[in-house]
Structures are given as structure tokens and as C-alpha cells.
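Below are the chains, spelled out letter by letter.
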Amino acid sequence: MEITKETIIGNLVAHDYRAATVFKQYQVDFCCNGNRTIQDACADKGKDINGLIDALQREITSNAQPLADYQSWPIDLLADYIEKKHHRYVTQRIREITPFLQKLVKVHGDHHPELEQIAELFTGSAAALTQHMKDEEQFLFSYVREVVTGAAKPSGSTIEHPVEVMMKEHDHEGERFREIERLTNQYTPPPDACNTYKVTFGLLKEFEEDLHLHIHLENNILFPKVLAWRANQGN
């Protein structure tokens with residue numbers, strides 16, 4: 001895939017997820033705002049567009065092991081994968097991270113008042129994501145499986161509105177984690193950090209990275225495939 005200033009970020013990451021590593025390094029959002037061109041993103045962030053494109057080309061043409069071609073997967077397989085891998089991951093990590101953050105606030109909160117805000121942000125995200133995933137599994141993923149079996153009917157706006165809602169919720173969680181990343185100084189523990197402090201920040205960083213891939217798979221691959229099916233059936 002040729003990379004130019006007009007390349008859509010989400011399309012490029014859908015084509016080869018290794019591009020996500022470079023966008024992350026350049027602090028360019030590839031999941032929630034993946035519908036922008038590289039040029040628009042660089043202008044917004046004040047980044048060197050030629051440097052970014054060169055870095056993308058080096059990363060994608062490297063000799064790294066080939067990654068999963070999510071774009072070629074059937075939509076029901078992709079939905080199953082998201083549910084079993086990313087939804088389960090979110091649920092598991094919420095259980096682990098929440099008590100760690102509570103402990104940090106209690107032990108280190110006086111010297112690091114930002115910890116209370118970080119904990120509040122994560123608690124809000126945990127509640128929102130839990131409900132969001134439940135809604136996806138009960139309606140959207142169920143609809144995807146009906147599409148595959150032929151049970152889904154392309155009548156009315158049966159899927160467009162839910163997809164729009166899901167994407168707005170993705171945007172909100174992306175913003176929330178950008179604030180967590182800022183408050184943690186890009187997940188850098190302070191000099192007086194204990195092991196629990198370091199582990200918690202490491203888990204938060206991992207959580208955000210998984211969330212980026214999770215949102216990317218839905219926003220840039222699964223949702224467009226479902227909407228394309230809906231449009232084709234409606235013709």
C-alpha cells in the first residue's frame with residue numbers, strides 16, 4: 001500500500017497494524033480519529049509529515065513477523081475475536097487495576113494528588129466500558145452473527161445508529177485515556193514510586209494500548225464491513 005499525505009490513517013492501520021506503532025510514537029490518534037488523512041493529523045499535531053511517512057514506510061517494510069490480516073477475516077470471526085480477546089481482557093484488567101489504584105491513592109495520594117484524579121478517570125472508564133461491551137455483545141455482535149446466517153434484515157436504520165453511538169463512546173474513552181496518559185506523564189512512575197506504583201502504571205499503559213487496538217478493530221474494520229453489507233442489501 002502506497003503511503004502519501006492523503007492516506008487515511010484508519011485505512012493504513014487496517015491494512016497493516018504495524019503502522020500503529022509509528023502513529024503512537026508521533027502521538028497521532030489512529031483509532032478514534034482514524035478517519036483523517038496523515039496531512040490533517042500532522043497539521044493538527046504540528047508533526048513533520050515527511051518524517052512520519054518515512055517512519056511508516058520503514059516500519060511496514062521491515063522484516064518483522066507478519067501480523068494477523070484482520071481485514072480479511074469474516075465479520076463473525078472478527079466479532080468473536082474482539083469479544084473473547086479484548087472484552088475479556090478489559091474485564092480482567094479492571095479487576096486488577098482498580099484495587100491497585102485505590103492503594104496508591106491511600107498510600108501516595110498526599111504527595112501525588114494527581115493519583116486521585118487518575119483513579120476517578122479509570123473508575124469512570126471501567127464503568128462505561130463494561131456497559132459498552134455488554135451493549136455490543138447483546139445487540140451489535142448478535143446482529144453480525146445474524147448477517148452471516150442470513151437472519152438479519154436490512155430494514156430501516158437497524159444498525160447505523162447503534163454504530164454511531166458506539167463510535168462516540170469510543171471517542172469518549174479515547175479522550176479519557178489521553179488525560180490519564182497526561183496525568184501519569186506517559187505512564188512514567190515518579191522517583192519515589194514503589195513496586196505497586198510501577199506495576200500499576202505499567203498495567204495502565206498496557207490497558208490503553210489494548211484499547212487502541214480494540215477500538216481500531218471495531219471503528220476501522222468491523223463497523224465499516226457491517227455498514228457496507230447493510231448498504232449493499234439495501235440497494
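Attention here is on the structure that accompanies the text. (Residues numbered from 1 in each chain as written. Predicted model: local features only at pLDDT ≥ 70, side-chain atom pairs only at ≥ 80, totals over all residues. Heavy atoms only, no water.)

**Describing the overall build of the chain**
- In terms of helices and strands, the chain carries eight helices and zero strands.
- Taken from the N to the C terminus, the helices and strands of the chain come in the order α-α-α-α-α-α-α-α.
- Relative to the 2.2 N^0.38 estimate, which gives 18 Å for 235 residues, the radius of gyration of the chain is 19 Å and therefore close to what a compact globule would have.
- Counting only C-alpha atoms and orienting by the principal axes, one finds that the chain spans roughly 60 × 45 × 30 Å.
- Buried residues in the chain amount to 45% of all 235 residues. (Helix = DSSP H or I, 4+ residues; strand = E, 2+ residues; numbered from the N terminus. Rg over C-alpha atoms; globule rule 2.2 N^0.38 Å. Buried < 20%, exposed > 50% of the residue type's maximum accessible area, 1.4 Å probe, protein only.)

**Comments concerning unusual backbone geometry**
- Positive phi values are uncommon outside glycine, yet Q186 reaches one of about 55°.
- If you trace the backbone, Q186 turns up in the loop between helix 7 (160–183) and helix 8 (195–234).
- Q186 sits in the partly exposed class, given a relative accessible area of 43%.
- If you check the backbone angles, Y187 has positive phi at about 65° while not being a glycine.
- Tracing the sequence through the fold places Y187 in the loop between helix 7 and helix 8.
- We classify Y187 as buried; its relative accessible area is 7%.

**A closer look at the layout of surface pockets**
- Estimates place the volume of the largest pocket at around 370 Å³.
- Considering the residues around the largest pocket, the lining is formed by 16 residues, among which K24, Q27, V28, R178 and E181 are closest to the centre.
- Looking at the lining of the largest pocket, the elements that each hand over two or more residues are helix 2 (19–25), helix 3 (38–45), helix 7 and helix 8.
- The element best represented in the lining of the largest pocket is helix 7, accounting for three residues.
- Looking at the second largest pocket, its volume works out to about 240 Å³.
- Taken together, 16 residues make up the lining of the second largest pocket; nearest its centre are G34, N35, M167, N219 and N220.
- Broken down by secondary-structure element, the contributors of at least two residues to the lining of the second largest pocket are helix 1 (9–15), helix 7 and helix 8.
- Ranked by the residues each element gives to the lining of the second largest pocket, the list is headed by helix 8, at five residues. (1 Å grid on protein atoms, 1.4 Å probe; cavity = no way out; pocket = protein on both sides within 12 Å on 5 of 7 lines; lining within 4 Å. Points joined across faces, edges and corners; volume = space filled by probe spheres on them.)

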